[in-house]
Number of protein chains: 2
Amino acid sequence: VVAVSGGADSTALLLGLDELVKAQKLSLTLIVAHLDHRLRKASKEDADWVKALARNLNLKAVINAANVKKRAKDTADNLEQAARRSRYEFFETTAKEENAQLVLTAHTLDDQAETILMRLIRGSAAEGLSGTESVRRIENGSNILLARPLLSWARRSETEQYCRGRRLRYRVDEMNADERFARVKVRKQLLPLMQSFNNKIVEALTRTATLLREDAAALSEQADLLLEQATAGAARKKLSHSSVNVNILAAAPPAVRRRAIRKWIIQSIGHARRVEMVHLVAVEKLLKGKGGRTVELPNRIKVVRKAGWLHLSSKGQNSVEKHAHDL
Amino acid sequence: VVAVSGGADSTALLLGLDELVKAQKLSLTLIVAHLDHRLRKASKEDADWVKALARNLNLKAVINAANVKKRAKDTADNLEQAARRSRYEFFETTAKEENAQLVLTAHTLDDQAETILMRLIRGSAAEGLSGTESVRRIENGSNILLARPLLSWARRSETEQYCRGRRLRYRVDEMNADERFARVKVRKQLLPLMQSFNNKIVEALTRTATLLREDAAALSEQADLLLEQATAGAARKKLSHSSVNVNILAAAPPAVRRRAIRKWIIQSIGHARRVEMVHLVAVEKLLKGKGGRTVELPNRIKVVRKAGWLHLSSKGQNSVEKHAHDL
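Okay, so let's go over this structure.

Thresholds, definitions, all that
Residues numbered from 1 in each chain as written. Chains lettered and ligands numbered in written order. Predicted model: local features only at pLDDT ≥ 70, side-chain atom pairs only at ≥ 80, totals over all residues. Heavy atoms only, no water. Helix = DSSP H or I, 4+ residues; strand = E, 2+ residues; numbered from the N terminus. Buried < 20%, exposed > 50% of the residue type's maximum accessible area, 1.4 Å probe, protein only. Contact = heavy atoms within 4.5 Å. Areas by Shrake-Rupley, 256 points an atom, 1.4 Å probe, with all protein chains shown as cover. Buried area = accessible area lost by both parts, 1.4 Å probe. Salt bridge = Lys/Arg side-chain N within 4 Å of Asp/Glu carboxyl O. Polar contact = N/O pair within 3.5 Å; in protein donor to acceptor, adjacent residues only side chain to side chain. Nonpolar A, V, L, I, M, F, W, Y, C, P; charged D, E, K, R; others polar. Phe/Tyr/Trp six-rings, centres within 6.5 Å; stacked < 30°, edge-to-face > 60°. Least-squares fit on C-alpha atoms with pLDDT ≥ 70 in both.

## A look at the overall build of chain A
The secondary structure content of chain A amounts to 13 helices and ten strands. If one aligns the C-alpha atoms of chain A with their principal axes, the spans along those axes are about 70 × 45 × 40 Å. Taken over 327 residues, chain A has a buried fraction of 50%. For chain A, long-range pairs separated by at least 24 residues make up 63% of all intrachain contacts whose partners lie at least 6 apart in sequence. Total accessible area on chain A is roughly 17,100 Å²; 49% of this is exposed by carbon and sulfur atoms.

## Concerning the environment of A:Ala52
Looking at where A:Ala52 falls in the secondary structure, it is placed in helix H2 (residues 43-57). Residues A:Ala52 and A:Lys96 lie 44 residues apart in sequence; the distance between their C-alpha atoms is 24 Å.

## A word on the interface of chain B and chain A
Chain B puts 39 residues into the contact, and the matching count from chain A is 39 residues. When chain B packs against chain A, the two sides together hide about 3,200 Å² of surface, and 70% of this comes from carbon and sulfur. Among the residues chain B hides against chain A, the three largest losses belong to B:Leu120, B:Ile121 and B:Phe197. Together they make up 20% of the total. In this structure, the connection of chain B to chain A is made through four salt bridges. Across the chain B-chain A interface, the total number found is 15 residue pairs in polar contact (both at pLDDT 80 or more). Among the elements of the structure, helix H5 (109-122), helix H6 (126-129), helix H8 (182-195), helix H9 (201-236) and helix H11 (254-269) of chain B are those that each provide at least two residues to the side of chain B that touches chain A. Among the elements that take part in the side of chain B that touches chain A, H9(B) stands out by supplying 13 residues, more than any other. The residue inventory of the side of chain B that touches chain A, partitioned by class, reads 24 nonpolar, seven polar and eight charged.

## Remarks on the packing of aromatic side chains
As enumerated under the stated definition, the model contains four aromatic pairs over all chains in all. Ring centres of A:Tyr88 and A:Phe91 lie 5.7 Å apart, and the angle between their planes is 85 degrees; on these two criteria the pair is classed as edge-to-face. Of this pair, A:Tyr88 and A:Phe91 both sit in helix H4 (residues 79-97), separated by three residues, roughly a single helical turn. Across the pair, exposure class does not vary: A:Tyr88 and A:Phe91 are buried alike. Their ring planes at 50 degrees and their centres at 5.8 Å tell us that B:Phe90 and B:Phe91 sit as a pair that is tilted. The class for B:Phe91 is buried, based on a relative accessible area of 5%. Grouped by ring-pair contacts, the aromatic residues A:Tyr88, A:Phe90 and A:Phe91 constitute a single cluster.

## Remarks on the relation of the copies chain B and chain A
When chain B is fitted to chain A, the best match, at an RMSD of 0.1 Å, comes from turning it 180 degrees and sliding it 0.0 Å along the axis. These values place the two chain copies in the arrangement generated by a two-fold rotation axis. Both copies contact each other with a shared surface, as 100% of the interface residues of chain B are interface residues in chain A too.

These figures come from the coordinates and say nothing about function on their own.
Now the structure itself:
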């Protein structure tokens, strides 16, 4: 399933893949997927254009429409988030219906650089600054993979050039010029200014992201080990697996310890949504025996220090179901 | 030794410290240090102003001048680097002559944010993005500490406000308005643009820096352990300590392995200058047995793979002395 908006990136991806398939260099069956978000007047024309493109290439197209405005109103999401969720749900549904194992999107190196800067502006940690993954499961536990084959090397200017070379007039989304959207402003103002310092800024940012992703992976592995050690004695002491040893956690470096605490919460209640750095720091203070013996966290979690162990309990176990759609 | 340029930051630091000392809330003997870089016409006036300020506060002042232009010409340094080196050498010499244990500089949260952005623009790893340390030895092995008491909390606007509140007209360095300097352009253009996305951008950037510093510290600890394990068997096998076990290194996560390889080089030849990511990746390829069995690195280092071990040799041992001033 190739996600095609009709813009230069996704049109180039589709054309390139189709060329490789037809030259028998790739053995894939391509299905075009397009979701009309109905946020712009021209969106119906885009859908028709993608339909015609697929027909010309002799490919199956699945075109659908979503009421993104209503979804945004019904949930706490903003328009961008609601559009994104609708889109990925549609891709997943299409993949299931078509028995496809792979959903491909056309994100480029430029998208990656923009994502990294948006995360930096929010003050993210290494995980956030790692940017988008090239390959991941489309949903936890799903067999369908979401892959971004252009993400690590192709520039937006190259996809435009490729389309022009194929004499194809791709669609231009006027929302991509609307600087009220943070991403557009990053693209139109922030990246060009940063490029005036370093002509290879996109490469520099994505190199940093790659290094930080590797850092985060190594620290996550360390945190898994630490959590294993910190919970190991609990069964022997007839404590639940929601108990961790204070001394073992306290001796670890903060970067590993905080990641282990987050994993502990996920292990205990299934997720760690709304758990911020300030909450992890509060649990760390418990470890050091400073302040009280109890800390209240989001998701109605309570962490209590008692006799060398931290115990986690949650009254809101149902919050797992309640927010399952966020996963 | 308080480094005082005469600008708002260092003037505020000096006034604040002096106030605390005279109120007997701090037990320190303050010595004012000022280096005239002779890069601007007004620099002599700045030196006189700092001298007068110290006299008014009844403090000893050490004022010196350097020929930064000549130094830049004689070395490969640009003006900013040459000025920086001259300055820190002067502070260290002054501290030694005055038997001072501490050199204080007035870097603020704003300086930290600027440093982080400049490193990001270069595509730095976590270590670079950690920004400037609050406390470090002024030189490897020295007992004198270099500390930046304002770095983690004070804004530049606050130091200006503090000076105005004390009715002191601090000096304004016209080079601080010259946007040909990357740092000035970051301050005057990039940070304001980023602030239009997030009003607390300086806090966001410095929060990220703190988290990445902790990540880097944990990974460095891991890399020390890994290197210890990877060199442990060498003595038993009658190999030099410049040999590391291939299997042990190969099994580690890349983020830890690369840091261990860098540390191995430092352990072997005293430094890892000019060793870039591309060199570490070349050594990694040796580990995987891809390509040849020998890699040449900067500083005339050769790494050879033989019978499950990597051996490091260097013809340029004298490069340790040659570049000692870079440490």
